[in-house]
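Geometric and topological summary
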Amino acid sequence: MDNEIAATRILLVEGIGILALVLALMAPLGLSLVTMGCGRFRNRFANLGASVLLFPFVFVVSYLFGWMFSFAFASGPGFTGGFQSAWHAAPWGDRLGPGFHQTESGAFSTDTQDFIRFVLLGWLACVILAGAVLERIKIGGLLLLATLLSGFCGSLAVGWGWSERGWMVALMGYHDPVGATTIATLAGGFALGVLRILGPRIASVDDSGQTHGIGPNSAGLVLAGHTLFLLGLIGMILASVELAAPVQLGEVTQYVAATVYGAPTDPAGQVLNLIAAVMGGLMIGSILTHADITRTMTLTIASVIGTLPASDFFNPLQTVLLAMFFAWVCGNARDWLERKFNLDDVTGSVALFGFSGFWGLVISGILLWGIPVSTVPAYVHINPFGNTTAAMILFWVLGFIPGNIAARILRYAGGLRIDRTLELVGHDLEVLRDVEDTTSAAYMREDRYVREEFQERP
Amino acid sequence: MSIGPVNEWDNSLADVTSVAPIAGAEALWAGIIFVFGIWFVIAIYRIGAGQEADVAQEFSDPDLLRRLLAYFEGQSEQESNNDT
């Protein structure tokens, strides 16, 4: 019997869990494609390159200290312990990697999978940031900002709000079972802090100093990238659920699917709500953008991010209605930020991820008021105050302020913005020249072949 | 002979934790990767600075820069026409 349970757990945790992670990989990968499609043509390979380069860098940063921080600072508020329980996540430990480490219950540890999920969330945060600051930031500066965002701010956000022992969960009833909204809110706030210092692209500012958005170089890439992102979110839902978790319900222990907070959940219901959010976003987006599918899909992202924090509880029709609201509000917020603050946010990260995440957390706190976030009786239930305060902590305290200060320091050190000539010329000049050279050389060879084979034929 | 912790599988898996070779040297790998990470950021900055210097030198003549921007504009117009 024990072997049967072990086999089932291995099938669910190792098999489905790894497939879910592969699917979740599509989310940051999709946003990387969006960065490629959103910038100007002369920067598109550089934009994709920067987004992809963030992945290995985030991996190293997370392995060396981010993962450990997420455990060390889970207790709070402030620094109130937790360090002793963090040593298993230290980079000099032997828990991350192939092995047969067992938990207290005798099951094999899921540390490695949890770490991969953590890295994917960190990469997602950094790609959201990269999307905002494209085409004028130094890649080295972006890597340093990514270190701060994923290694420190992101780790704190995960430790505080997306773990069973997080103090925001225990003391404030914070609720975001998938974690994507937590990360989106944080990254949106961080991007806003950096953008205020970085300034707009030369090409987006008119004579009066007003910023104007620049359209994507490839609508198809943006559309494909957003579609992949939505698929990736399904993976994130599955990856954030512990399948067949033994949960103590009253006096009985039942094997159920459980959230990261340890409460029973219905993953299929969460996916249904994700689909409902997409439907709502597509419908209202079509009206708002006059059936422009690229912009409609962009608004749909805001719909999904805003409704995810309550995806385990909402009725799908509630989700559709709220999704419409988020698409409308965040679409307008993007224009407002550009008009009012001259914010040149290339992919709309601040409004579509930061604002929608912020308002999603606030509204879910109101609508889910009184529902227990965990099976631990001492934990505070979901409430508007808790979720709103947590949203403000994520957006402003962990996002905007560190991003703004770090960008100021980098600007002071000359490590933030690229040279103006390079910004005008673009990063892809060598790539474009290579393409032109090889194309010309190929043409010459074809031309010679035609001359020799056809014209000189008797 | 093996430099890893597993010499045979005829044991309880509870006794086998990490299976990586040269067990006990994890701190060394972490240190090496940390130093590599710092070098990596510096190297990326240097590559970027080199690219900036090359472009600034090549396009120090404003007319050349304007011609290049006009060329880009022509290219994007051509692509728009092709799309429509």
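Treat the numbers as computed from the prediction; the structure is a model and nothing was measured.

Structural notes on the overall build of chain B
Helix and strand content of chain B: two helices and zero strands. Put simply, chain B has 84 residues, and 21% of those count as buried. Of the accessible surface of chain B, which amounts to about 6200 Å², a share of 60% is contributed by carbon and sulfur atoms.

Description of the nonpolar core
Residues and elements named next belong to chain A. Core analysis: the largest hydrophobic core is formed by 124 residues, its most contacted members being L124, L129, V133, L145, M168, F229 and F353. Looking at which element gives the most residues to this core, the answer is helix 4 (residues 111-133), with 15 residues. With residues up to four places along the chain from it excluded, the contact list for L124 reads A27, P28, L31, I183, F229 and M236.

Remarks on the interface of chain B and chain A
How large an interface is tends to be reported as the accessible area lost when its parts come together. Across the boundary between the two partners, chain B contributes 29 residues, which contact 35 residues of chain A. Of the roughly 2700 Å² buried between chain B and chain A, counting both surfaces, carbon and sulfur atoms make up 72%. Summed over the three residues of chain B that lose the most area to chain A, namely B:Y45, B:E52 and B:F72, the buried surface amounts to 22% of that side. Our count for the contact surface shared by chain B and chain A stands at one salt bridge. The salt bridge partner of A:R433 is B:E58, with a shortest N-O separation of 2.1 Å.

Focus: the pattern of salt bridges
It is possible for side chains of opposite charge to pair when their charged atoms get near one another. All names here are of chain A. Tallied over the entire structure, the rule returns 12 salt bridges over all chains. Note that R201 and E135 form a salt bridge whose closest N and O atoms lie 2.3 Å from each other. Separated by 66 residues along the polypeptide, R201 in the loop between helix 7 (180-198) and helix 8 (219-239) and E135 in the loop between helix 4 and helix 5 (139-161) bring together distant segments of the chain. Overall, R201 belongs to the buried group, its relative accessible area being 1%. Salt bridges sharing common partners tie together R40, E135, R136, R201 and D344.

Some details on the environment of A:L186
Residue and element names in this part refer to chain A. Of note, L186 is situated in helix 7. On the basis of relative accessible area, L186 is assigned to the buried category, the value being 0%. Sequence spacing of L186 and S150 is 36 residues, and the spatial spacing of their C-alpha atoms is 10 Å. The residues touching L186, leaving out its near neighbours within four places in the chain, are L149, C153, G154, A157, L394, L398 and G399.

Observations regarding the packing of aromatic side chains
Residue and element names in this part refer to chain A. According to the stated counting rule, one finds 24 aromatic pairs over all chains in the structure shown. Relative to F115, the ring of Y63 has its centre 5.4 Å away and its plane inclined at 85°; by these criteria the two rings are edge-to-face. Pair noted here: Y63 is in helix 3 (residues 44-72) and F115 is in helix 4, with a separation of 52 residues, a long-range link. On the basis of relative accessibility, which here comes to 22%, the residue Y63 falls in the partly exposed class.

Observations regarding the domain arrangement of chain A
Residue and element names in this part refer to chain A. Taken as a whole, chain A is organised into domain 1 (2-427) and domain 2 (428-458). Inter-centroid distance (C-alpha atoms) of domain 1 to domain 2 is 47 Å. Of the residues lining the interface, nine residues belong to domain 1; the matching set on domain 2 comes to four residues. Interface of domain 1 and domain 2: buried area, both sides summed, is about 470 Å²; carbon and sulfur atoms make up 60% of it. Per-residue buried area on domain 1 facing domain 2 is highest for F45, V425 and H427; these three make up 63% of the total on that side. Our enumeration of links across domain 1 and domain 2 arrives at zero salt bridges. In this structure, the connection of domain 1 to domain 2 is made through five residue pairs in polar contact (both at pLDDT 80 or more). Top element by residues in the side of domain 1 that touches domain 2 is helix 3. It accounts for three residues. Grouping the constituent residues of the side of domain 1 that touches domain 2 by class yields four nonpolar, three polar and two charged.

So, the pairing of strand 2 (residues 252-258) of chain A
Residue and element names in this part refer to chain A. Bridge count between strand 1 (residues 242-249) and strand 2: six bridges; the pairing is antiparallel. Of the residues in strand 2, the one forming a bridge with A245 is V256. If you look at the hairpin formed by strand 1 and strand 2, you'll find two residues sitting between the two strands, and G250 has a positive phi there, around 65°.

Focus: the confidence of the model for chain A
Scored by pLDDT, chain A comes out at a mean of 90, with 97% of its residues at no less than 70. Element-level pLDDT for chain A is lowest in strand 1 of chain A, with a mean of 79, against a maximum mean of 97 in helix 13 (residues 384-412) of chain A.

Focus on unusual backbone geometry
All names here are of chain A. Phi is positive for H290, close to 55°, though the residue is something other than glycine. What makes H290 exposed here is its relative accessible area of 72%. The backbone of N342 shows a phi angle near 50°, a positive value even though the residue is not glycine.

Definitions and limits used
Numbering of residues starts from 1 in every chain and runs along the sequence as written. Chains carry letters and ligands carry numbers; both start at the beginning, A for chains and 1 for ligands, and go up in the order they are written. Reporting of local features is limited, given that this is a predicted model, to residues whose pLDDT is at least 70; pairs of side-chain atoms are given and counted only at 80 or more, and all residues count toward the totals for whole chains, interfaces and linings. Think of the side-chain values as coming from all heavy atoms in the structure, minus any hydrogens and water. Here a strand is any run of E in DSSP of at least two residues, a helix any run of H or I of at least four, and the numbering for each starts at the N terminus. For the exposure calls, accessible area comes from a 1.4 Å probe over protein chains only, and a residue counts as buried if that area is under 20% of its type's maximum, exposed if over 50%, partly exposed in between. All accessibility values rest on the Shrake-Rupley procedure with a 1.4 Å probe; residue burial counts only the protein chains present in the view. Note on terminology: a nonpolar core comprises buried Ala, Val, Leu, Ile, Met, Phe, Trp, Tyr and Cys residues joined through side-chain atoms within 4.5 Å. Note on contacts: a residue pair qualifies if any of its non-hydrogen atoms lie within 4.5 Å across the two residues. Note on terms: buried area is the combined drop in 1.4 Å-probe accessible area of two parts once they are placed together, counting the loss on both. The term salt bridge refers to a side-chain nitrogen of Lys or Arg lying within 4 Å of a carboxyl oxygen of Asp or Glu. Stacked, tilted and edge-to-face are the three classes assigned to paired rings of Phe, Tyr and Trp, where Trp is represented by its six-membered ring and a pair needs centres within 6.5 Å; plane angles under 30 degrees give stacked, over 60 edge-to-face, the rest tilted. Source of the domain bounds: an automatic or database domain assignment. Any N or O atom pair separated by 3.5 Å or less is treated as a polar contact, with the protein-specific requirement of one donor-capable and one acceptor-capable atom, and with residues adjacent in sequence counted only for side-chain atom pairs. Note that Gly is not counted as nonpolar here; it falls among the polar residues with everything else outside the nonpolar set of Ala, Val, Leu, Ile, Met, Phe, Trp, Tyr, Cys and Pro and the charged set of Asp, Glu, Lys and Arg. Two strands qualify as a pair provided that DSSP identifies no fewer than 2 bridges between them. Per-residue confidence from the predictor is given as pLDDT, running between 0 and 100.

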